[in-house]
Amino acid sequence: MTLALYRKYRPQSFAEVIGQEHVTEPLISAISNGRLNHAYLFSGPRGCGKTSSARILARSLNCAKGPTPTPCGECDSCVGLSAGGGGSIDVIEIDAASHGGVDDARELRERAVFAPVNSRYKIYVIDEAHMVSSAGFNALLKLVEEPPDYVMFVFATTEPEKVLPTIRSRTHHYPFRLIPPAAMRGLCEKLCHEEGITVEESVYPLVIRAGAGSARDTLSVLDQLIAGAGDEGVTYARAMALLGVTDGSLLDEICEALSAMDGAGAIGVIDKALEAGHDPRRFAADLLERLRDLIVLNQVPDAGSTGLIDVPSEVLERMTGQAIRMGTPTLTRMAEIVHSALSAMRGTTAPRLLLELAMARSVLPSVDDSAAGLLQRIDQLERRMAEGVPMAAPAAAAPPAPAAAAAASQPVPPSAGTSGREAAKAAAAQAAGNAPSPAAQGDQPADRASSAGQPAAAAPSQAEASAATDAAPPSPADAGGSAQAGPATAPPAGQSARAAAQDSWATEPAAPAPQAAPAAAPPAAGGDKLAQVRGSWEQIKQAVKDRKKTVAAFLMEATVTGVDNDTLVLTFRHAFHANALTSDSALPIFTEALKSVLGGSWRVRCEVNEAGAAPPPPPARPASPPPPAAAPPPQAPAPRPEPGPPVDYESEEPPGPEPDFDPPPAAAGGSVTMEQAVEMFEKKVGAKKL
């Protein structure tokens, strides 16, 4: 039987403890300066080195050459407390989970008064100290407060808040933390090298992620993979199958589907993953972590080199392209949706349904009225405008009917013999496209029909001509003819309105032809170089991609906007893309590609257009659409009628047909009798007397 890796490679000195420098350095200084305390409290997550540090402290204090921060490893105390040693009689380890009662505390108190057998100090290491009962802590309180000079207590716990405050206040508290991924990877690579095991580079991120920052858990997972490895060593496929991690190709497929807003493709990837035996909850958790990585890549383009994202280089290139295509607003909203679905999956009986609903919501930002959905839609519109994709024009409103348009655009001025109330009624009827009421038809003179027949819209020259014609006095013959023919030949008002509308449509001038587009301005200085750069832009990007794909991904958001002598001006929509291209690692690659394609030496200036306005398109694109039709000329105002005599609206009665009966004679004194009123009421409205 082989010894477990976490026991075989347990640290033997403070220098071998990784990721806990904030604890080991103060302890080393305290030992070197002789400023030791009688009680210590080590707290932190499981497997981060609390018990190992307590043993190292005991070795350092009881070493034959000590107290020293670097134990010799040769004396009886150092050998007994080593990884394969049998322990020391003066270093007592107590598991408080099974010995936390008051009787155990009393027994410890009785034995603590005896001096150490063959060491300098008698050290009690109480593991899982939060499991000690309150009565047990109270029994130890006096001993912990005032122990003998040769007695030392080290409490190790994962929940320091459960330790009795009176005990915690009498100790020096050192909080341990989770081990960073970079330090953990170095430890794993060192152990695999010492064990002589070949491990693929892509396996280490899986092992570190499974360990979640705990050295013991990480080494246990690595030990399991090494035990099941074949002659080829630990492979990525076997590690992925053994750990139950979602395949990276499935995550790439679903991210591509989400970036294209392809709901069918995303649900198809979910079906493929579940058919392969993946747990929906684990798939959602892995997808959420991938979205997190993409968000980090959008904010920190060099996250791969700084250690924020630990993935292979080829996977990092694919993720960079996905992050740029999707954008931060889309990634943020999708991450929130997946997180909500993952929280709802706890205890549910249909996790697959929740996962599929989350994918359907992710690709439909138009139905999301939240701020995240609005931000995603705005980001998509800005991206389309920056790429030169034409927007769908809104549907034009249906043109009004000719008669209604003519009636609405030609107000009818009231004549001298027409009341203001009649004019208002006639104008409302014409605006609605209906004929005037019969009561108004009988009372409209012929000159109103003639004024309605005048064209309402005409060119400025025609309007001036018509105004001059109206201003000229009519000839006597015309005036007389019109005076004679007016009362006899005036057509009905409905026919006059229809004839007026037809005349207005017939006399309306045609829309002027669109003016020719102005000639293109001559190119400014540097136009030849600008055209040369734009014509060779695809070759430049390919040359950059051949050198480094990550830098080529930054150029996907770049637009060539100008050339100033030997300086190339690029415009970006986001500042982090511009900063990434001008970094010390990316700019030499880009300038070298420019030199190889265009020749000469080039400098680059990056500008940021945060407003999302699209830069001028390159000349290689199709010509812009024709300008819209010119607006119709302003209409000539209709001649205003001559002011008539003031009208008494209060006393005026609405016009109506003449009564077809003789009114009853008035009674003496100018009043009407009841019989006369009843008779007039019967004849006028057809009422019957009851």
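What counts, and at which threshold
- Residues numbered from 1 in each chain as written.
- Predicted model: local features only at pLDDT ≥ 70, side-chain atom pairs only at ≥ 80, totals over all residues.
- Heavy atoms only, no water.
- 1 Å grid on protein atoms, 1.4 Å probe; cavity = no way out; pocket = protein on both sides within 12 Å on 5 of 7 lines; lining within 4 Å.
- Points joined across faces, edges and corners; volume = space filled by probe spheres on them.
- Helix = DSSP H or I, 4+ residues; strand = E, 2+ residues; numbered from the N terminus.
- Nonpolar A, V, L, I, M, F, W, Y, C, P; charged D, E, K, R; others polar.
- Domains from an automatic or database assignment.
- Core = buried A, V, L, I, M, F, W, Y, C linked by side-chain atoms within 4.5 Å.
- Buried < 20%, exposed > 50% of the residue type's maximum accessible area, 1.4 Å probe, protein only.
- Contact = heavy atoms within 4.5 Å.
- Phe/Tyr/Trp six-rings, centres within 6.5 Å; stacked < 30°, edge-to-face > 60°.
- Pairing = 2+ DSSP bridges.
- Axes fitted to C-alpha atoms, helices over the stretch in contact; angles between N-to-C directions.
- Expected span 1.5 Å × (residues − 1).
- pLDDT = per-residue confidence, 0-100.
- Arc of directions from axis to C-beta.
- Salt bridge = Lys/Arg side-chain N within 4 Å of Asp/Glu carboxyl O.

Teacher, can you tell me more about the layout of surface pockets here?
Over the atoms, a rolling probe the size of a water molecule traces out where space has been left empty. Its boundaries defined by the atoms lining it, the second largest pocket holds a volume of some 730 Å³. What lines the second largest pocket is a set of 29 residues, among which Tyr6, Arg10, Pro11, Gly49 and Ser52 lie closest to the centre. Every element with two or more residues in the lining of the second largest pocket is listed here: α3 (50–62), β2 (91–95), β3 (122–127), α8 (181–195) and α10 (215–227). The biggest single contributor to the lining of the second largest pocket is α8, with four residues. Residues that form the lining of the second largest pocket fall into these classes: 13 nonpolar, five polar and 11 charged. Counting residues domain by domain, the lining of the second largest pocket receives three or more from each of domain 1 (5–177) and domain 2 (182–243).

Please explain the nonpolar core as it appears in this structure.
With 38 residues, the main nonpolar core has Ile254, Leu287, Leu291, Leu294 and Met359 as its most contacted residues. At the level of elements, α12 (248–259), α13 (263–275), α14 (280–299), α16 (313–326), α17 (328–344) and α18 (351–362) are the ones that each hand at least two residues to this core. Ranked by the residues each element gives to this core, the list is headed by α14, at eight residues. Setting aside residues up to four positions removed in sequence, Leu294 forms contacts with Cys255, Met319, Gln322, Ala323, Met326 and Leu331. Grouped together as the second largest cluster of nonpolar side chains are 26 residues, Leu570, Ala593, Val604 and Cys606 included.

Whenever I open this one, the packing of aromatic side chains confuses me. Can you help?
Remark: the centre distance and the inter-plane angle together describe each pair of aromatic rings, the angle taken between the planes. For the coordinates displayed, the defined rule picks out seven aromatic pairs. Taken together, a centroid distance of 5.6 Å and an interplanar angle of 20° make the contact between Tyr124 and Phe153 stacked. A residue pair is termed long-range when its members are at least 10 positions apart, and Tyr124 in strand β3 and Phe153 in strand β4 (residues 151–157) qualify at 29 residues. Phe153 shares its class with Tyr124; the two are buried. Ring centres of Trp537 and Phe590 lie 6.3 Å apart, and the angle between their planes is 80°; this geometry places the pair in the edge-to-face category. Of this pair, Trp537 sits in helix α28 (residues 537–547) while Phe590 sits in helix α31 (residues 587–598), and the two are 53 residues apart along the sequence.

What's the story with the sheet that holds β3 in this structure? I'm lost.
Each strand in a sheet pairs with its neighbour through backbone hydrogen bonds, running either in the same direction (parallel) or in the opposite one (antiparallel). Taking strand neighbours across the sheet as the criterion, the five strands line up as β2-β3-β4-β1-β5 in an open arrangement whose pairing is parallel. Of all strands in the sheet, those with a lone pairing partner are β2 and β5 (172–175), marking the two edges. Strand-to-strand, the axes of this sheet are offset by a mean angle of 15°, without reference to chain direction. Those strands touched by helix α2 (residues 21–33) are β1 (39–43) and β5, and its axis lies near 145° from that of β5.

Any chance you could explain α17 here in plain terms?
Because each turn of an α-helix spans 3.6 residues, side chains separated by three or four positions in sequence point in the same direction. Given a rise of 1.5 Å per residue, 17 residues ought to cover 24 Å, and the 24 Å separating the end C-alpha atoms of α17 matches this to within 8%. Buried residues of α17: Pro329, Thr330, Leu331, Arg333, Met334, Ala335, Ile337, Val338, Ala341 and Leu342, and no others.

In this structure, what is going on with empty space enclosed by the protein? I would like to understand it.
The final tally for this structure, using the stated rule, is two cavities of 30 Å³ or more. Space inside the largest cavity adds up to approximately 60 Å³. Within the residue set of the lining of the largest cavity, elements represented by two or more residues are α14, α16 and α30 (575–581). Per-element accounting of the lining of the largest cavity gives the leading share, three residues, to α16.

Teacher, can you tell me more about the confidence of the model for the protein chain here?
When pLDDT is averaged along the protein chain, the result is 75; 68% of the residues meet or exceed 70. Low pLDDT, under 50, characterises residues 647–661; the predicted model gives this stretch 11 contacts beyond four residues in sequence or across chains.

What exactly am I supposed to notice about α28 here?
Within the sequence span of α28, burial applies to Trp537, Ile540, Ala543 and Val544. Mapping the buried residues of α28 onto a view down its axis gives an arc of 120°, with all of them on the same face. Exposed residues lying more than 90 degrees from the buried face of α28 are Glu538, Gln539 and Asp546.

Could you clarify how one ought to interpret the pattern of salt bridges in this entry?
Per the counting criterion, the structure on display carries 25 salt bridges. Residue Glu189 is joined to Arg185 by a salt bridge in which the shortest nitrogen-to-oxygen separation is 3.1 Å. Taken together, the residues span about one helical turn, with Glu189 and Arg185 both in helix α8 at a distance of four residues. Glu607 is the salt-bridge partner of Arg605, the closest N and O atoms lying 3.6 Å from each other. On the basis of relative accessible area, Arg605 is assigned to the partly exposed category, the value being 37%. On the accessibility criterion, Glu607 (34% relative accessible area) is partly exposed. Salt bridges sharing common partners tie together Arg185, Glu189 and Glu201.

Would you take a moment to explain the sheet that holds strand β6 (residues 559–564) for this structure?
Strand order in this open sheet of three strands is β6-β7-β8, and the pairing throughout is mixed. Of all the strands in the sheet, the pair left with one neighbour each is β6 and β8 (603–608). This sheet shows a mean twist of 25° between the axes of neighbouring strands, independent of strand direction. Sheet strands touched by α31: β7 (567–572) and β8. Its angle to β8, the strand with the most contacts, is close to 120°.

Help me understand unusual backbone geometry, please; the structure alone is not making it clear to me.
A negative phi holds for most residues other than glycine; trans holds for most peptide bonds. A positive phi angle, close to 55°, is found at Met261, a residue other than glycine. Structurally, Met261 can be placed in the loop between α12 and α13. A positive phi angle is found at Asn565, which is not glycine, with a value near 60°. Of note, Asn565 is situated in the loop between β6 and β7.

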